[in-house]
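Here's the letter readout for the chains.
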Amino acid sequence: MANDRLRALEEVEKDIAMILQCAGNVLLELSKDKHNASFLDRQLAQFLSSVNRIESELSGQIRYLTQVATGQPHEGSTYSARKDCQMALNRAEYAKVKLGELGRTCEVMLDPPL
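Going by an unreviewed UniProt entry, the protein carries the name Mediator of RNA polymerase II transcription subunit 11 and comes from Muraenolepis orangiensis. In UniProt, the protein has this text filed under Sequence similarities (unreviewed entry): "Belongs to the Mediator complex subunit 11 family."

Right, here's the structure in full:
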């Protein structure tokens, strides 16, 4: 799962490089006296396609990270289960302390002073 996310981010990085290449090609073409409109259209289409892929992938990555950061269960993580277990242990220890206090209080009340 983590490797898939890293590969997806590598693809985003390649798409960003593609966007920069397209922008450079467009600027180079526009600096010419005569523009090739079909070339500019192809570069624009490639640019927009890359922007859409990047936006989509980064949105997915952000959604995933939001789930992880809020402690919601997700594939590949045991954080939520460990947190639940630790909270249960804390509650059990608290109950043990309170029951001990209650037991001492009952003993004091049931054993009359001599």
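There is more to say after this.
Secondary structure assignment for the protein yields three helices and zero strands. For the protein, whose C-alpha radius of gyration is 31 Å, the value lies well above the compact-globule estimate of 13 Å for 114 residues. Taken along its principal axes, the extent of the C-alpha atoms in the protein is 115 × 20 × 15 Å. Within the protein, buried positions represent 14% of all 114 residues. Considering only contacts within the protein whose residues lie at least 6 apart along the sequence, 57% involve residues at least 24 apart. Taken as a whole, the protein presents about 9,200 Å² of accessible surface, with 62% of it coming from carbon and sulfur. For the protein, the distance from the average position of its 14 positive side-chain charges to the average position of its 16 negative side-chain charges is 1 Å.

Let us now look at the pattern of salt bridges. Side chains bearing opposite charge may pair, as long as their charged atoms lie close to each other. Per the counting criterion, the structure on display carries five salt bridges. The partner of Arg 7 in a salt bridge is Asp 4, with the nearest N and O atoms 2.9 Å apart. Linking Arg 7 with Asp 4, this pair stays in helix α1 (residues 2-30), spanning three residues, or about one helical turn.

Secondary-structure assignment places Asp 15 in helix α1. Since its relative accessible area comes to 13%, Asp 15 is described here as buried. With sequence-adjacent residues up to four places away left out, Asp 15 is seen in contact with Ser 50, Arg 53 and Ile 54.

Okay, the side chain of Glu 29 next. Within the element layout of this structure, Glu 29 appears in helix α1. Classification of Glu 29 by relative accessible area gives buried; the value is 6%. Within polar-contact distance, the side chain of Glu 29 engages the backbone nitrogen of Asn 36 at 2.7 Å. Dropping the residues within four chain positions of it, Glu 29 is found in contact with Lys 34, His 35, Asn 36, Phe 39 and Leu 40.

We now examine the packing of aromatic side chains. How two aromatic rings sit relative to each other is set out by the distance from centre to centre and by the angle between their planes. For the coordinates displayed, the defined rule picks out zero aromatic pairs. Here the guanidinium or amino end of Arg 5 rests over the ring plane of Tyr 64, the centre of that ring lying 3.6 Å away.

How each quantity is defined
- Along every chain, residues carry numbers that run from 1 in the direction the sequence is written.
- pLDDT decides what is reported in this predicted model: residues at 70 or higher carry local features, side-chain atom pairs at 80 or more are listed and counted, and totals for whole chains, interfaces and linings draw on all residues regardless.
- To obtain the side-chain values, all non-hydrogen atoms of the structure were included, while hydrogens and water were left out.
- UniProt positions are given in the numbering used here, feature names are shortened, and annotations may be inferred rather than shown by experiment.
- Under the DSSP-based scheme used, a helix requires at least four consecutive residues in state H or I and a strand at least two consecutive residues in state E, with every element numbered from the N terminus.
- The globule rule used for comparison is 2.2 Å times the number of residues to the exponent 0.38, while the radius of gyration itself is calculated over C-alpha atoms.
- Whether a residue is buried, partly exposed or exposed follows from its accessible area with a 1.4 Å probe, protein chains only, as a fraction of its type maximum: under 20%, in between, or over 50%, in that order.
- In what follows, a contact means two residues having at least one pair of non-hydrogen atoms within 4.5 Å.
- Surface exposure here means Shrake-Rupley accessible area, sampled with a 1.4 Å probe, where a residue is shielded only by the protein chains that are shown.
- Counted as positive: Lys and Arg. Counted as negative: Asp and Glu, with His and the chain ends omitted from the count.
- We put the charge of a Lys on NZ, of an Arg on CZ, of an Asp on CG and of a Glu on CD.
- Criterion for a salt bridge: a side-chain nitrogen of Lys or Arg within 4 Å of a carboxyl oxygen of Asp or Glu.
- Polar contacts, as used here, are pairs of N or O atoms within 3.5 Å; protein pairs need one atom able to donate a hydrogen and one able to accept it. Residues neighboring in sequence count only if both atoms are side-chain atoms.
- Here the aromatic set is Phe, Tyr and Trp, taking the six-membered ring for Trp, and pairing holds for ring centres within 6.5 Å; pairs whose planes are under 30 degrees apart are stacked, those over 60 apart are edge-to-face, and all others are tilted.
- Two conditions define a charge sitting above a ring: the NZ of Lys or the CZ of Arg must be within 6 Å of the ring centre, and it must be within 35 degrees of the ring normal.

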